Amino acid sequence: MAIKLYNTLTRKKEELETIEPGKVRMYVCGPTVYSKAHVGHAMSAMVFDIIRRYLEYRGYDVRYLMNFTDVDDKIIMRANQNGQDPFELAEMYIHDYEQDLSNLNIKPATFNPRATQEMGQILEMISGLIEKGFAYAVDGDVYFRVTKDDDYGKLSGRKLEDMQAGSRINIDERKEHPMDFALWKSSKPGEPEWESPWGKGRPGWHIECSAMNLHHNGEQIDIHGGGNDLIFPHHENEIAQTESLTGKTFARYWVHNGMLQLGGEKMSKSTGNLITIEEFLSKYSANALRFTVLNSGYRSPLTFTDEVLGQSEKALERLQSALRPALPGAKGATEDALKILNDQETATKENFVASMDDDFNSAGALGGLFDLVRVINQTRTFSATDSELQGAQETLRELCNVLGLSITEVNQSGSNADSFIDLLVELRTKLRQEKQWSFGDLIRDRLKDLGVTLEDSKEGSSWRWS
RNA sequence: GGCGACGUCGCCAAGUUGGCAAGGCAAGGGUCUGCAAAACCCUCAUCACGAGUUCGAGUCUCGUCGUCGCCUCCA
């Protein structure tokens with residue numbers, strides 16, 4: 001069975017065939033670091049984290065690159081407003097972003113290239129494009145010549161003629177064609193600048209990604225990812241630059257996540273329609289966001305509301321419920337019950353791989369996980385012992401882990417409060433035996449306030465942190 | 001105006017080779033319990049609308065309405 005993934009370039013699902021067997025070269029567009037990251041960034045990072053984790057689970061050696069755009073107009077503008085050095089500002093937000101990702105349980109990239117650290121490669125690329133006639137310099141700026149690129153528009157499905165009509169682009173008379181885009185921009189006084197054959201300046205937005213890939217991944221990569229708002233012009237232009245220079249297919253598979261919707265509209269930095277990751281995490285768990293992302297298709301818009309996040313927190317509790325230890329005094333389940341559990345474990349594993357292989361259908365995979373949750377809980381109800389439950393629980397935990405959901409043990413925590421809680425539970429059991437209900441209930445209520453949930457059964461009481 | 005995506009139960013949402021509509025949350029009923037919580041059991045949709053293709057369509061085609069994205073910086 002092969003993994004299938006949707007390729008924006010062909011608008012079809014295709015089987016994953018990597019350039020090098022067993023290895024995946026992957027590049028994901030990271031943020032421009034001029035302000036705190038929001039939940040939309042988190043969603044995108046999470047989507048590709050999930051894809052990356054799954055590819056690794058399927059045995060691929062994944063080389064995962066995510067860049068930081070650390071020089072650009074907005075960074076400069078923001079730094080000027082703050083009276084701050086633009087590089088310092090970028091550095092600060094890079095640090096913030098890395099912290100955010102870590103808080104969200106997103107695995108660090110293999111490497112994080114930065115635009116400012118790729119100047120040599122960028123200049124080399126631009127020179128190469130000029131030599132081949134794909135670019136031209138005007139007054140210290142360098143533009144890419146879109147009319148020279150036969151298949152320009154192939155990723156976004158646009159034609160040059162269509163884009164001119166009704167476009168909102170200011171026509172720059174110095175450009176040969178309105179859609180020509182900047183590879184190099186001359187600097188104004190006081191702006192960050194680098195020496196170049198065309199005068200002092202800085203790179204255009206798109207060239208950095210091409211250069212970083214060329215430098216760190218080679219001329220061809222397997223998967224190029226990012227939000228679907230990057231399809232045009234960013235990714236289109238990356239293709240144009242890279243393929244014009246190398247004459248080879250740049251990325252085999254273009255993978256794009258849908259936009260996170262806040263209040264029915266795209267969460268966006270420029271419009272201010274956003275919730276920062278920091279704000280989000282003060283209210284919800286990282287798992288809640290991950291569950292919400294997993295529970296819908298990565299290519300579709302994601303409904304982000306308090307109601308949905310609340311539902312996700314609840315669903316996670318259910319997932320956790322399957323990891324509880326056996327009932328006190330469990331005597332062992334019947335052969336039949338254990339067979340059903342075993343069968344479901346197998347079925348869930350199969351469903352998991354089949355779903356995820358199908359364009360990372362994580363919602364389908366979750367469905368199977370909940371089927372296993374139900375059967376585990378059933379089996380526990382049928383008096384299964386810890387060792388009888390262990391295998392299925394292990395499977396559940398492992399598959400959750402592949403998705404990046406860290407489902408932890410919900411039984412005794414190993415903290416030094418344990419023995420005192422045990423003591424209180426024991427005391428309450430005595431009180432209940434003497435039918436001192438109000439005292440028993442008081443202990444239960446007070447422990448609840450302290451975050452300890454009691455669960456009574458015929459055989460005795462158990463407790464867990466809630 | 002151009003290009004594209006989508007519209008499935010109260011909410012979120014899976015479902016691409018067309019063949020009896022996953023899962024989660026919420027809700028109702030029940031088992032267990034001194035009461036409760038948790039868990040378990042049962043109930044809960046014909047897929048925006050209209051037409052067409054087909055033995056058969058949520059799944060294909062056309063049209064209508066609606067939502068969203070891109071065309072400018074954007075995950």
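Residues numbered from 1 in each chain as written. Chains lettered and ligands numbered in written order. Predicted model: local features only at pLDDT ≥ 70, side-chain atom pairs only at ≥ 80, totals over all residues. Heavy atoms only, no water.

Novice: What am I meant to see in the environment of P233 here?
Specialist: With respect to the helices and strands, P233 occurs in helix α7 (residues 231-246). We classify P233 as partly exposed; its relative accessible area is 30%. For the pair P233 and D100, spaced 133 residues apart in sequence, the C-alpha to C-alpha distance is 27 Å. (Helix = DSSP H or I, 4+ residues; strand = E, 2+ residues; numbered from the N terminus. Buried < 20%, exposed > 50% of the residue type's maximum accessible area, 1.4 Å probe, protein only.)

Novice: So what exactly am I meant to see when it comes to the nonpolar core here?
Specialist: Side chains of a nonpolar character, in soluble globular proteins, are inclined to be buried together. Counting residues in hydrophobic clusters, the biggest one holds 86 residues, and the most contacted among them are M26 and L55. Among the elements that line this core, the one with the most residues is helix α1 (residues 39-57), at 11 residues. Taken domain by domain, the makeup of this core includes at least three residues from each of domain 1 (4-282) and domain 2 (306-402). The residues touching L55, leaving out its near neighbours within four places in the chain, are I3, L16, V24, M26, Y60, V62, I223 and F360. Counting residues in hydrophobic clusters, the runner-up holds 41 residues, among them M119, I207, I239 and L245. (Core = buried A, V, L, I, M, F, W, Y, C linked by side-chain atoms within 4.5 Å. Domains from an automatic or database assignment. Contact = heavy atoms within 4.5 Å.)

Novice: Help me out: how do you make sense of the sheet that holds strand β10 (residues 251-257) in this one?
Specialist: Picture the strands of a sheet paired through backbone hydrogen bonds; they go either parallel or antiparallel. Across the sheet, which stays open at both edges, the four strands sit in the order β4-β3-β9-β10 with parallel pairing between neighbours. Among the strands making up the open sheet, the edge pair consists of β4 (61-66) and β10. Strand-to-strand twist across the sheet, computed as the mean angle between neighbouring axes with direction ignored, equals 20°. Sheet analysis places strand β9 (residues 221-227) next to β10, joined by six bridges and oriented parallel. Looking at β10, one finds that G226 is bridged to H256. (Pairing = 2+ DSSP bridges. Axes fitted to C-alpha atoms, helices over the stretch in contact; angles between N-to-C directions.)

Novice: Would you mind going over the pairing of strand β15 (residues 460-465) with me for this structure?
Specialist: The two faces of the sheet receive side chains in turn, since in a regular strand these alternate between them. Inspection of the sheet shows strand β14 (residues 452-457) paired to β15 by six bridges, in the antiparallel sense. In the strand pairing of β15, D456 is matched with S461. Hairpin connection from β14 to β15: two residues lie between these consecutive antiparallel strands.

Novice: Is there a simple way to think about unusual backbone geometry in this case?
Specialist: Excluding glycine, most residues fall at negative phi; most peptide bonds, likewise, are trans. Each neighbour pair has its own omega, and for F232 with P233 the value is 0°, a cis peptide bond. Positive phi, close to 50°, is recorded for D139, a residue that is not glycine. For D139, the position within the fold is in the loop between β5 (135-138) and β6 (141-144). Of note, K435 is a non-glycine position whose phi angle comes to about 60°, a positive value. For K435, the location among the structural elements is in the loop between α14 (418-433) and α15 (437-449). Residue K435 is classed as exposed on the basis of its relative accessible area of 60%.

Novice: Would you explain helix α3 (residues 86-103) in this entry?
Specialist: Along an α-helix, residues three or four apart share an orientation, since each turn contains 3.6 residues. Spanning 18 residues, α3 covers 26 Å between terminal C-alpha atoms, matching the ideal 26 Å at 1.5 Å per step. All of the buried residues along α3 are P86, L89, A90, Y93, I94, Y97, D100 and L101. Down the axis of α3, the buried side of the element spans an arc of 135°, and every buried residue falls inside it. For α3, the exposed residues lying more than 90 degrees away from the buried face are E88 and H95. For α3, the secondary structure elements touched by its buried residues are α1, β4, α2 (73-82) and α8 (277-281). Sitting at the amino-terminal end of α3 is D85, which places a side-chain oxygen 3.1 Å from the backbone nitrogen of F87. Where α3 terminates, the next one or two residues include N105, which has phi positive at roughly 60°. (Expected span 1.5 Å × (residues − 1). Arc of directions from axis to C-beta. Polar contact = N/O pair within 3.5 Å; in protein donor to acceptor, adjacent residues only side chain to side chain.)

Novice: Help me understand the pattern of salt bridges, please; the structure alone is not making it clear to me.
Specialist: Two side chains of opposite charge can pair, provided their charged atoms sit close to one another. The full count for this structure, using the stated rule, is 34 salt bridges. For the salt bridge of R202 with E191, the shortest nitrogen-to-oxygen distance reads 2.7 Å. Within this pair, whereas R202 is found in strand β8 (residues 201-203), its partner E191 is found in the loop between β7 (181-186) and β8, the two being separated by 11 residues in sequence. One exposure class covers both R202 and E191, and it is buried. (Salt bridge = Lys/Arg side-chain N within 4 Å of Asp/Glu carboxyl O.)

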